[in-house]
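What the coordinates show
Now for the letters of each chain:
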Amino acid sequence: MLDSNTWRAAAAVMLVLFTTACGGGEAAAREATVVVTFWHAMGGPLGDVLLCLVDEFNSTHPGIEVVPVSMGSYRALSQKIMASVMAGDPPELAQAYETWTAQLIRGGAIVPLDSLMDLDPDFERGDWLDFVEVFREDNTFDGRVYSFPFNKSVPVIYYNVQLFDSLGLSPASTWEEQRELLFDLSLDGNADGDKFDEGDRWGTAFPVSVWMFECLLLQSGGDLIDESGTATAFASPEGIEALEYLSGLVTEDSTAYLSTGFEHQREFSEGRVGLVQGSIVSLSFMQDDMRRRAESGLPVFEIGVAALPAGRERAVLISGTNVVIFGSDHPEKVLAAWEFVKWFTDTEQQARWFSGTYYLPARSSSISHPASMEACERVPGLRDALGQLEYATFEPQMTAWYDGREFLAEAVEIALYGRMSPAEALRRAADLSDSEI
């Protein structure tokens, strides 16, 4: 593989040649087509939107062909990426979580994208500053930009608009209001204590979710990692408070139940749950479910979206992957991959990406784009959900957090199912995570 200085020199030359080739006529472009393999884990309606955008890029960039290859799941994608790097045969592009990126940086496997920004006369520093601040920070590692935001999301509250209107309710703005709201939404029609009877309704339902706990932790004023970055911080009074709040909805208030998979979303669509929390991207699937119900003559309702209630603070964690470009002995492939990344994260495409999938627009200019505004108009509260970007943050970038997060997820499950107290479960997870860090 070329060393850094040689690559930069070659890339500078190739940037000029590549730009010329792209404008040199259709026949010349076909002869000079550069194939870029893009490994991803997108599927369903979200994957369909991605494929449409890739097709559009290919049709408007005759010198490049981006070939998307789905790995089916993020776990499979991670394993495939690491194996390909070890074998010296990675793709040109791939989705990657921050912990993966940190490992790839250590192995010298990916290209620092700020180098490409500096080489590209069509990409100005103002373009990078147009990216939402939390995404700029999330993709910067030790002062260098190594990735660009790809499919990013925030958690939101989904609620039954007609039900809320009929009961004179509004989405909660604090933890305390949320707790009271769930009591108001709960209904035991025949007073037998079994809310799965016909006509009964739970306030909410949720699967075991480390993401849900992480947001509560930050809202309580806690953190995942201490300021030194050398130890976890979640087994704190704030962490215990957050996990006790979550488990209390199930064990003390009996306004929530623990679901598995996407059962809670199905119960919500059927009107048997008043509200649910989920990724902003779940809206695509829930709207599809409503359409199917309408086509089958089943009752439907309007889905509203709201920002998460606040604890002592307003806080949410973004989720989802970024996109990285792998180093190569063929600079023309790196530059072709860069052309796609630039195009996909441009204002127009990001607005359409949000409108078609509800993945967050990466650029500030995309939020005010007509396509984004139209999406906000058709979904009550969606604009407020986007407002969470103003106080959003991200998970630790360190490689050790890959395992640390698994330990924390296990702790949340143990506590919610009553096998340990929140304090015991979090302390156990912290000890295991600290040994990894």
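Residues numbered from 1 in each chain as written. Predicted model: local features only at pLDDT ≥ 70, side-chain atom pairs only at ≥ 80, totals over all residues. Heavy atoms only, no water.

**Looking at the overall build of the chain**
Along the backbone of the chain there are 21 helices and 14 strands. Computed over C-alpha atoms, the radius of gyration of the chain comes to 23 Å, within 12% of the 22 Å expected from 2.2 N^0.38 for 437 residues, which places it in the range of a compact globule. Its C-alpha atoms give the chain principal-axis dimensions of roughly 75 × 55 × 35 Å. Long-range pairs, those at least 24 residues apart, make up 73% of the contacts in the chain between residues at least 6 apart in sequence. (Helix = DSSP H or I, 4+ residues; strand = E, 2+ residues; numbered from the N terminus. Rg over C-alpha atoms; globule rule 2.2 N^0.38 Å. Contact = heavy atoms within 4.5 Å.)

**A few points about the packing of helix α11 (residues 210-219) against helix α12 (residues 237-251)**
One can describe the packing of α11 onto α12 by two numbers: an axis separation of 8 Å at closest approach and a directional angle of 130°. In terms of orientation, α11 and α12 fall into the oblique class. Between α11 and α12 lies a crossing of right-handed hand. Together, Met212, Phe213, Leu216 and Leu217 of α11 and Glu238, Gly239, Ala242, Leu243, Tyr245 and Leu246 of α12 make up the contact between the two elements. Of the residues assigned to the contact of α11 with α12, the class counts are 8 nonpolar, 1 polar and 1 charged. (Axes fitted to C-alpha atoms, helices over the stretch in contact; angles between N-to-C directions. Parallel < 35°, antiparallel > 145°, perpendicular 65-115°, else oblique. Left-handed = near helix turned anticlockwise from the far one by under 90°. Nonpolar A, V, L, I, M, F, W, Y, C, P; charged D, E, K, R; others polar.)

**Details of the packing of aromatic side chains**
Scanning the entire structure with this criterion turns up 24 aromatic pairs. With a centroid separation of 5.3 Å and 80° between ring planes, the pair formed by Tyr97 and Trp100 is classed as edge-to-face. In this structure Trp100 comes out as buried when scored by relative accessible area, which is 4%. Three or more aromatic residues joined by ring pairs make a cluster, and in this case those are Phe38, Phe57, Phe150, Phe340, Trp343, Phe344, Trp353 and Tyr359. (Phe/Tyr/Trp six-rings, centres within 6.5 Å; stacked < 30°, edge-to-face > 60°. Buried < 20%, exposed > 50% of the residue type's maximum accessible area, 1.4 Å probe, protein only.)

**Section: the sheet that holds strand β3 (residues 93-96)**
If you trace the 5 strands from one edge of the open sheet to the other, you get β2-β1-β3-β13-β6, paired in mixed fashion. Bordering the open sheet on either side are β2 (64-70) and β6 (148-153), each of which pairs with just one other strand. Put simply, the sheet's adjacent strands are angled 20° from each other on average, direction ignored. Here β6 pairs with strand β13 (residues 319-325) via 5 bridges, running antiparallel. Bridge pairing in β13 links Pro149 to Asn322. (Pairing = 2+ DSSP bridges.)

**With respect to empty space enclosed by the protein**
Applying the stated criterion across every chain, the model contains 1 cavity of 30 Å³ or more. What the largest cavity holds in volume is close to 200 Å³. Looking at the largest cavity, it is lined by 19 residues, and the ones nearest its centre are Gln178, Met212, Leu216, Tyr245 and Gln277. Counting only elements with at least two residues in the lining of the largest cavity, the list comes to α10 (175-185), β8 (202-206), α11, α12 and β10 (273-279). At 4 residues, α11 tops the list of elements feeding residues into the lining of the largest cavity. Taken together, the residues of the lining of the largest cavity sort by class into 15 nonpolar, 4 polar and no charged. (1 Å grid on protein atoms, 1.4 Å probe; cavity = no way out; pocket = protein on both sides within 12 Å on 5 of 7 lines; lining within 4 Å. Points joined across faces, edges and corners; volume = space filled by probe spheres on them.)

**Points about the environment of Glu214**
Note on placement: Glu214 falls in helix α11. The class of Glu214 is buried, set by a relative accessible area of 0%. Sequence separation of Glu214 and Ala409 is 195 residues, and the distance between their C-alpha atoms is 9.7 Å. Residues within four places of Glu214 in sequence aside, it is in contact with Leu224, Leu317, Glu395, Trp401, Arg405 and Leu408.

**What about the packing of α12 against helix α21 (residues 422-436)?**
Viewed as axis vectors pointing N to C, α12 and α21 meet at an angle of 125°, and their least axial separation amounts to 9 Å. Overall, the two elements α12 and α21 adopt an arrangement that is oblique. Here α12 runs over α21; the crossing is right-handed. Contact with α12, carried on its side by Gly239, Ile240, Leu243, Glu244 and Ser247, involves Pro422, Ala423 and Leu426 of α21 and no other residues of that element. Tallied by class, residues from the contact of α12 with α21 come to 5 nonpolar, 2 polar and 1 charged.

**Comments concerning the state of the cysteines**
Under the criterion given, the structure shown has 0 disulfides. Distance from the sulfur of Cys215, which forms no disulfide, to the nearest cysteine sulfur (Cys376) is 20 Å. Judged by relative accessible area, which is 1%, Cys215 ranks as buried. (Disulfide = S-S within 2.5 Å.)

**Thoughts on the sheet that holds β10**
Here we have 5 strands laid out as an open sheet, ordered β9-β8-β10-β7-β11, and mixed in their pairing. A single partner strand is all that each edge strand has here, and the edge strands are β9 (256-258) and β11 (303-306). For this sheet the average axis-to-axis angle between neighbouring strands, irrespective of direction, equals 30°. Inspection of the sheet shows β8 paired to β10 by 2 bridges, in the parallel sense. Paired with Trp202 across the two strands is Val273, which belongs to β10. Along the sheet face, α10 touches β7 (155-160), β8 and β10 and points at about 135° away from the line of β10. Sheet strands in contact with helix α14 (residues 282-295) are β7, β10 and β11, and its direction is about 165° off that of β11.

**Some details on the side chain of Ser78**
Position of Ser78 relative to the elements: it lies in helix α4 (residues 74-86). Beyond its immediate chain neighbours, meaning those up to four positions away, Ser78 contacts Trp100 and Tyr402.

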